[in-house]
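Results of the structural survey
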Amino acid sequence: MSTWTAFKRIPKTYPLAFGVVFSTFKTSFSDLLVQKTIEKREKIDWRRNAAFATFGCFYLGGVQYGIYVKAFGRLFPTSRTFTSKSVAEKLKDKVGMKETGYQVFLDQFVHHPLLYFPVFYATKEIVVNKDKPDLYRAIVTDYFGTNLKDDLSALWKVWVPSTIINFSFMPMWGRIPWVASTSLIWTCILSMMRGGSDDVVADDEVIGPHVSGKTMKIYSGAYEPRLCPVDVDPNLSHIVVSASGTDKKGLVHRMSQSVADAGGNITTSKMHRLGDQFVIVMHVSYDNEKVRHLDLLESIRDVNEELIVKVKTLRPRLTKHRTKAAHSHFSLHSLGPDRPGVIGSYTKAFLDHSVNIESLSSEIRMVNGERCFVVDIEASDYDGRTDVEEFNRDLAEVKERLGVKTAKLQHSSLGGVG
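The model shown is predicted, which means the values in this text are computed figures rather than measured ones.

1. Some points on the sheet that holds strand β5 (residues 328–336)
The antiparallel open sheet is built from four strands, whose spatial order is β6-β7-β5-β8. The open sheet has two free edges, formed respectively by β6 (356–367) and β8 (406–413), since each of these has just one partner strand. Along the sheet, successive strands turn relative to each other by an average axial angle of 10 degrees, direction set aside. Where β6 lies against strand β7 (residues 370–381), eleven bridges are found, and the strand directions are antiparallel. What sits directly across from Val367, in β7, is Glu370. Taken strand by strand, helix α15 (residues 388–402) contacts β5 and β8, and its axis lies near 165 degrees from that of β8.

Right, here's the structure in full:
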């Protein structure tokens, strides 16, 4: 017996062991790709890599073997013979096709939403916040409360077709290697897309080798333009509340609760501690038929007496753009060294190209152990005259002059008319 013939028999003879080893290697290798090509790390985080290799070993190799091979093999006994049939024979086998559909449903609509993702988010939390992991926040708040819809939508785009192939054509011993290979291919696609980019992604955004809502957005290049609540809710009344004072425990809760108690709804908000001071800026909308303006103001001021609170009524802007729909939206994400002139240079570029800035935020953030200055700008073109290529060239010049690592401009054409 040749060496190759003996090697080919290993997956069939030892399907569990082969699946565990294959999944462990795949998960470790995928995380290395993510760290080096997507997150642009200079040094490998081997502790994190070991954690994901362990996840690949026990969950992807072990638990999924128990589900896909043992459990599904017993629940759907015809699946073992169905995969070996020709396509023509499969189309005639109604029972086999029905059982394949059941397996896809259980995997994608029960197993992944209720078991795989919670375990993955728990693993991610332990890796990222190793000193004080908050599993309840990671699973209940982050996954079920925030990311469930986007994660499942991204998952199904990749895994429903892959799972149909898996349960229709792969023999039982090949199910785990097929799943691992699909995940590896997905990671390789993202890595190739990011390999020639200067963009740096924080590890809490795309950590781990799996399909999620955030990795799908990297793949598709999609982003959601910011909406101005004053413009989209003209039937409501709007105010902007700014407040500042000595930082104390519970300030954010008291401020937000005072608005809610009076019948107001906070939409856009920025709240930051700067030294010993805490600064709040937020938009509040309310139905003036149900909420008295003075009651809302009194509720905010009475509960937050230690803060300097200012309130101003908001109305649609009185400019030539008041009744105009935007032709296009621009979103700029910049990450680079903290130095004077970054915001001024960016805002001049937007002004020179007649692009109206709707939102700008900046902060100092540690990214992969390095202090970085992060700027996010969202803007609109109301005249439809912006030359996107020239705008990109000017931003590239700013990026090079200031030594910025990332200056990624996303453009979405809306086709607005005046």
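2. Some thoughts on the confidence of the model for the protein chain
For the protein chain, the mean per-residue pLDDT works out to 80, and 84% of the residues sit at or above 70. Looking across the protein chain, the model is least confident in helix α9 (residues 203–206), with a mean pLDDT of 45, and most confident in helix α14 (residues 342–352), with 91.

3. Points about the sheet that holds strand β1 (residues 237–246)
Sheet architecture is open: four strands sit in the order β2-β3-β1-β4, paired in antiparallel fashion. Taken across any chain shown, the strands that pair with only one partner, and hence form the sheet edges, are β2 (265–274) and β4 (308–314). Here the strands of the sheet are splayed against their neighbours by 10 degrees on average, with no regard to which way each runs. Relative to strand β3 (residues 277–286), β2 runs antiparallel, the two sharing eight bridges. Within β3, the position partnered with Ile266 by the bridge is Val284.

4. Quick notes on the packing of aromatic side chains
Considering all chains together, one arrives at 21 aromatic pairs under this definition. With a centroid separation of 6.3 Å and an interplanar angle of 35 degrees, the aromatic rings of Phe76 and Tyr102 are classed as tilted. Highlighted residues: Phe76 in the loop between α3 (46–75) and α4 (79–82) and Tyr102 in helix α6 (residues 94–128), separated in sequence by 26 residues. Phe76 sits in the buried class, given a relative accessible area of 8%. Exposure remark for Tyr102: the relative accessible area of 45% places this residue in the partly exposed category. Put simply, the rings of Phe55, Tyr59, Tyr116, Phe117, Phe120, Tyr121, Tyr143 and Phe144 pair up and form one aromatic cluster. One Lys or Arg, Lys90, reaches over the ring of Phe82 and ends 5.5 Å from the middle of that ring.

5. Focus on unusual backbone geometry
A positive phi angle is found at Ser354, which is not glycine, with a value near 55 degrees. Relative to the helices and strands, Ser354 resides in the loop between α14 and β6.

6. Overview of the nonpolar core
Counting 26 residues, the largest nonpolar core has Phe55, Tyr68, Phe72, Tyr116 and Phe117 as the members making the most contacts within it. Put simply, the parts of the chain that give this core at least two residues each are α3, α6, α7 (135–169) and α8 (175–195). The biggest single contributor to this core is α3, with nine residues.

7. Considerations on α14
Those residues of α14 not exposed but buried are Val342, Ser345, Tyr346, Ala349 and Phe350. An end-on view of α14 places all buried positions within 135 degrees of arc, on one side of the element. Lining the buried residues of α14 we find β5, β6, β7, α15 and β8. Count one or two residues on from α14 and you reach Ser354, which has phi positive near 55 degrees.

Quick notes on the rules
- Residues numbered from 1 in each chain as written.
- Predicted model: local features only at pLDDT ≥ 70, side-chain atom pairs only at ≥ 80, totals over all residues.
- Heavy atoms only, no water.
- Pairing = 2+ DSSP bridges.
- Helix = DSSP H or I, 4+ residues; strand = E, 2+ residues; numbered from the N terminus.
- Axes fitted to C-alpha atoms, helices over the stretch in contact; angles between N-to-C directions.
- Contact = heavy atoms within 4.5 Å.
- pLDDT = per-residue confidence, 0-100.
- Phe/Tyr/Trp six-rings, centres within 6.5 Å; stacked < 30°, edge-to-face > 60°.
- Buried < 20%, exposed > 50% of the residue type's maximum accessible area, 1.4 Å probe, protein only.
- Lys NZ or Arg CZ within 6 Å of the ring centre and 35° of its normal.
- Core = buried A, V, L, I, M, F, W, Y, C linked by side-chain atoms within 4.5 Å.
- Arc of directions from axis to C-beta.

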